[in-house]
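Residue-level structure breakdown
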Amino acid sequence: MPTDTVDLLVPRRQPDPNRDFGASVGAGHYQGVAVDLRGVTTVLLPGTGSDDDYVYRAFSGPLREVGALLVAPPPQPDRLIDGYLSALDDAARGGPIGVGGVSIGAAVAAAWALAHPDHTIAVLAALPAWAGAPGAAPAALAARYSATRLRTDGLAATTTQMRASSPPWLADELARSWRAQWPQLPDAMEEAAAYVAPSCADLTRLAAPLGVAAAVDDPIHPLQVGVDWVSAAPHAALRTVTLDQIGRDTAALGAACLAALAEA
């Protein structure tokens, strides 16, 4: 079953060919973020099948270190994208905000930032899954496959199948969040799999600085997508992690995003 990561998080417009995109980031390497996030409400959106609990654990520590105020809205599986957009709109009523998310959450946040340049201070994108139309992107295929299996085999059997093909830490995360979003989970997965993310051409218009975290060994969220986002956006940088790092320390993902933002 092709579910290898949580649908979870921007260097120069043209990446330096000599840059080591495989360099890892650990917690504590994000101090000195160039963008001042002190007191800034920062909305982080979960990935498909994931939830606000995961986002909180991934980003609360790193954002607290730079003085940002994390808002992690829970996914609404019956209106996944609209729910995310509503959360962003609500937060921005109090002034400019930071935005971001994991996988589909990162795509929705980037699209919102493009539509609201005067209300966006920074974008944190963890494990972006595709640019533009989803097409045959691995994350979209995985979401469609999972939705089909959930409808055909049910939650328990599909969760068992997912556990057999996922790292233990990821299987535990998904088993918990899938159970909470059942029975509307397949609808959310299909909605996410059809979402048209900002294209690379769109990202050239991104006014806010962008910090991207990508995993070097994630077949569902390919490193190349993160590189493409960073190459397109005017003020962007990339830091990388491994799936094992994320499994050992959930906050490594948020730390990588903030370390990238410091270089954007």
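A brief report on the enclosed structure follows. (Residues numbered from 1 in each chain as written. Predicted model: local features only at pLDDT ≥ 70, side-chain atom pairs only at ≥ 80, totals over all residues. Heavy atoms only, no water.)

Describing unusual backbone geometry
For the bond running from W182 to P183, omega is 10°, close enough to zero to count as cis. One can find P183 in the loop between α6 (168-181) and α7 (185-193). The residue S103 is not glycine, and still its phi comes out positive at about 55°. Structurally, the position occupied by S103 is in the loop between β3 (97-102) and α3 (104-115). Residue class for S103 comes out buried when judged on its relative accessible area of 3%. (Helix = DSSP H or I, 4+ residues; strand = E, 2+ residues; numbered from the N terminus. Buried < 20%, exposed > 50% of the residue type's maximum accessible area, 1.4 Å probe, protein only.)

Comments concerning the pairing of strand β6 (residues 236-241)
Most of β6 sits out of view: six of its six residues are buried. By the alternation rule, side chains of β6 split into A236, L238 and T240 and A237, R239 and V241, which are all buried. Across six bridges, the pairing between strand β5 (residues 210-215) and β6 is parallel. By the bridge assignment for β6, V212 is matched with L238. Each parallel crossover has a hand, and for β5 linked through helix α9 (residues 223-232) to β6 it is right-handed. (Pairing = 2+ DSSP bridges. Right-handed = clockwise from strand over helix to strand, strands pointing away.)

A short note on the nonpolar core
Counting 86 residues, the largest nonpolar core has L37, F59, L210, W229 and L253 as the members making the most contacts within it. Among the elements that take part in this core, α3 stands out by supplying nine residues, more than any other. (Core = buried A, V, L, I, M, F, W, Y, C linked by side-chain atoms within 4.5 Å.)

Some points on the side chain of S60
Structurally, the position occupied by S60 is in helix α1 (residues 52-65). For S60, a relative accessible area of 12% gives the class buried. Apart from residues lying up to four places away in sequence, S60 is in contact with V55 and L70. (Contact = heavy atoms within 4.5 Å.)

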